[in-house]
Structure formats: C-alpha cells, structure tokens
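Results of the structural survey
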Amino acid sequence: MADAQRSAQRRNFIRHAGWHDATEALLAGDASFRRYYRLRRGADTAVVMDAPPPQEDVRPFIAIGRHLHDLGFSAPAILAEDPAGGFLLLEDLGDDTYARVMSRRPVPAGGDETALYALATDVLVALHGHGSRAVPAGVSAYDGEALVEAAMLLPEWYLPAAAQRTADAEEIAAYREAWHAVLRAMPATPQTLLLRDYHQDNLMWLPARPGVRACGLLDFQDAQRGHAAYDLMSLIEDARRDIDPSLRTAMLDRYVVEAGVPDRGAFEAAFAILGAQRHARVIGLFVRLLLRDGKPVYLPHLPRVWRLFERSLAHEALTPLRRWVDRHLPPARRALAL
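As a starting point, this report considers the structure included with it.

Calculation rules
- Residues numbered from 1 in each chain as written.
- Predicted model: local features only at pLDDT ≥ 70, side-chain atom pairs only at ≥ 80, totals over all residues.
- Heavy atoms only, no water.
- Axes fitted to C-alpha atoms, helices over the stretch in contact; angles between N-to-C directions.
- Helix = DSSP H or I, 4+ residues; strand = E, 2+ residues; numbered from the N terminus.
- Parallel < 35°, antiparallel > 145°, perpendicular 65-115°, else oblique.
- Left-handed = near helix turned anticlockwise from the far one by under 90°.
- Contact = heavy atoms within 4.5 Å.
- Nonpolar A, V, L, I, M, F, W, Y, C, P; charged D, E, K, R; others polar.
- Expected span 1.5 Å × (residues − 1).
- Buried < 20%, exposed > 50% of the residue type's maximum accessible area, 1.4 Å probe, protein only.
- Phe/Tyr/Trp six-rings, centres within 6.5 Å; stacked < 30°, edge-to-face > 60°.
- Lys NZ or Arg CZ within 6 Å of the ring centre and 35° of its normal.
- 1 Å grid on protein atoms, 1.4 Å probe; cavity = no way out; pocket = protein on both sides within 12 Å on 5 of 7 lines; lining within 4 Å.
- Points joined across faces, edges and corners; volume = space filled by probe spheres on them.

**Quick word on the packing of helix H10 (residues 264-291) against helix H11 (residues 302-313)**
- Close contact between H10 and H11 brings their axes to 8 Å; oriented N to C, the two are set at 155°. When the axes of H10 and H11 are compared, the pair comes out roughly antiparallel. Along this stretch, H10 crosses H11, giving a crossing that reads as left-handed. Each of Ala272, Gly275, Ala276, His279, Ala280, Val282, Ile283, Phe286 and Val287 in H10 lies in contact with H11, whose residues at this interface are Leu302, Val305, Trp306, Leu308, Phe309 and Ser312.
- Split by residue class, the contact of H10 with H11 holds twelve nonpolar, three polar and no charged.

So, in structure tokens, the structure goes:
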C-alpha cells in the first residue's frame, strides 16, 4: 500500500511538472532510500529523483546543485521541485558514468582511465580554486568530532560482526581517544567544499561539454566543508574499484602541482588521516547495510577497503589508531565471512 501511494504521489508530481505524457522507467537506486526514474517523451528525457521524507531531504541537493551550477560545473539542472513531497525533476546527464565508460571495450577516445581521472582531478582544482566562494552559506563542517562520529561505524558494526560480540565501553572509548589523538595532529588548512561521495559511480562523462564541464557531478546532497584532500582521496582510493598505484600517484601529483599546495608533506598526512576515516566508516557502513538494511551487494568490496585502510594506517600520523586496530581487529578479523 505504501509503495502504491508513493507511486501515485510521484505520478502526480510528474503531471504537475508537465511530463504527464512521458513513459517512466526505473533508472537506479543506491544505498539510501532514494530512487531514480527516467522519463522519456519522444527525443526528450528527464530524471525524477524520488527521495521519500522523512528518511530523505531534497533541499540540500537543491542548494548544492544550484551552487555548483552557478560556479560553472555540470551538476544537473533542476527542472521542477517538490521539497515537501521529496521529488525533483532533473536534467538527464545520460548513462555514461565513469564506471561504465571505463568498462567499455574498445575504450572510447578521451574516455580512457587516465584522461577521466585527470578530468575529475581538474574539477577539484577548479572548485577549490574558488577559495571561500566554493563554500555556500549554511554548509556544516566535516572535521573534528564530526569525523570521529562518522568513523564510529567501525566499532559499532564491523567489530561486533567480526568478534561475534558487542563492543564494550572500554573499546569504544579507546577508539574515540585514538581518533582524537590523530586529529589533534591534523595539519590546519582553509576549508573548502567537500562533495563527500566523489568517485566513479557519481561522475559522468560529458565529452561534448568544454573543460571541467565535461565531468558531470551527481550525489552531492551530503556536501560539507573541510580539508581539500578529502574528495581527491575519495576519487583515487575508491571502495568499489582497484586503481593502479601509478595512477593514484599521478593524480596526487597533478592536484598538488595544479592547486599550488604549499606543503606536500602536510597534505599527504591529511590525505592519510581522511583516508583512514573514510575507510573505517565504509567498512562499518557495508556491514550495516547488510545486517540492518538487507543489502549484501557491498560485501565483496570489503577486502579492498581493508587494504586501503591498512595503507592509510601505515602513515606515521595514524599511529594511535593503528595500535587500536592491531589490538582489536587483528588480521584474522579483517576477513569477515557473513
């Protein structure tokens, strides 16, 4: 009944948006409650975002999307909106996600891995180059305690599944303190806009558009402000895709040079810290998606995320956290079988 009611609400939104005569096909879903539908009317297409409240809120997507659009980036234009109902009608950027383009054989001209990652890196250089203008008013900070809270998914979800018991208060407290120690040594830097999920599945190849606009941007409703290394790390330490170490190094070099990073050592320390934070969060998130939400599709990526996490932990800036992980999640507990 709830599904039927939601479908009726969506059809009503589509009708009011002037697309009543369009056909509708499910386009995609993701780890959230959001669903996407493509509308087709002759040669014209558009995409409906169905983000049911109270689980979802489309207002951040609207604000960040328009901000990115105003800065000259290829966020989808918003054609119609119903924030209270949780519906948006969006410009259709097509089907060429980075993931799909890079898996295509033969690889299309300009759509090879190096070119696509260079383009995505240049988007970050351009975005961060806007300085304080890159961050719209009202965007919250992703630093300090916010980073720690997000990383708590590791002891709250992964540790119990791996150890077959609930994490005790002492373990939780020690984990928090390890993160506090790491973040106290975090190099300070002016904050910029973080899109937060900047990776192959949320980037579109739009070769007909010039410059950085050839990279379409999706799934930025969780954007916050924080250290510039975060989105670059998200791009080249992807939970869902193996990336050659030489490509990773090349994109790190590209960003450092093009963005004029003044202290590479401090940037790499922040990169490692933010990488460890994201990977710890994702490891716990993938287990939560299985156990709470019945979504096992992400489990095959766990070994890769653990490798990324271990690489981050090897940096000297992560020593307090590495000691906690080695004690409570030794190698035997890093290969979870569920």
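**Observations regarding helix H4 (residues 113-128)**
- Here H4 spans 23 Å end to end across 16 residues, near enough to the 22 Å set by a 1.5 Å rise per residue.
- Buried residues of H4: Leu116, Tyr117, Ala118, Leu119, Ala120, Thr121, Val123, Leu124, Val125, Leu127 and His128, and no others.

**Details of the packing of aromatic side chains**
- As enumerated under the stated definition, the model contains eight aromatic pairs in all.
- Judged by centre distance (5.5 Å) and plane angle (15°), the ring pair of Phe13 and Phe87 falls under stacked. Of this pair, Phe13 sits in helix H1 (residues 2-16) while Phe87 sits in strand S5 (residues 87-91), placing them 74 residues apart in sequence.
- Taking the relative accessible area as the measure of exposure, Phe87 reaches 1% and is therefore buried.
- Each ring, one from Tyr142 and one from Tyr230, has its centre 5.6 Å from the other, and the planes form 85°; the classification is edge-to-face. One end of the pair, Tyr142, is in the loop between H4 and helix H5 (144-151); the other, Tyr230, is in helix H8 (residues 229-236), and 88 residues separate them in sequence. Note on accessibility: Tyr142 and Tyr230 belong to one class, buried.
- Taken together, Tyr158, Trp306 and Phe309 form an aromatic cluster joined through their ring pairs.
- Arg10 extends its terminal NZ or CZ atom over the ring of Tyr37, reaching a point 3.8 Å from the ring centre.
- A cation sits over an aromatic face here: Arg41 above Trp19, 4.0 Å from the ring centre.

**Regarding the layout of surface pockets**
- Counted as a void, the second largest pocket has a volume near 400 Å³.
- Contributing to the lining of the second largest pocket are 21 residues, with Thr189, Pro190, Ala228, Tyr255 and Pro262 lying nearest its centre.
- Among the secondary structure elements, those contributing two or more residues to the lining of the second largest pocket are H4 and H10.
- Here the lining of the second largest pocket is composed, by residue class, of eleven nonpolar, nine polar and one charged.

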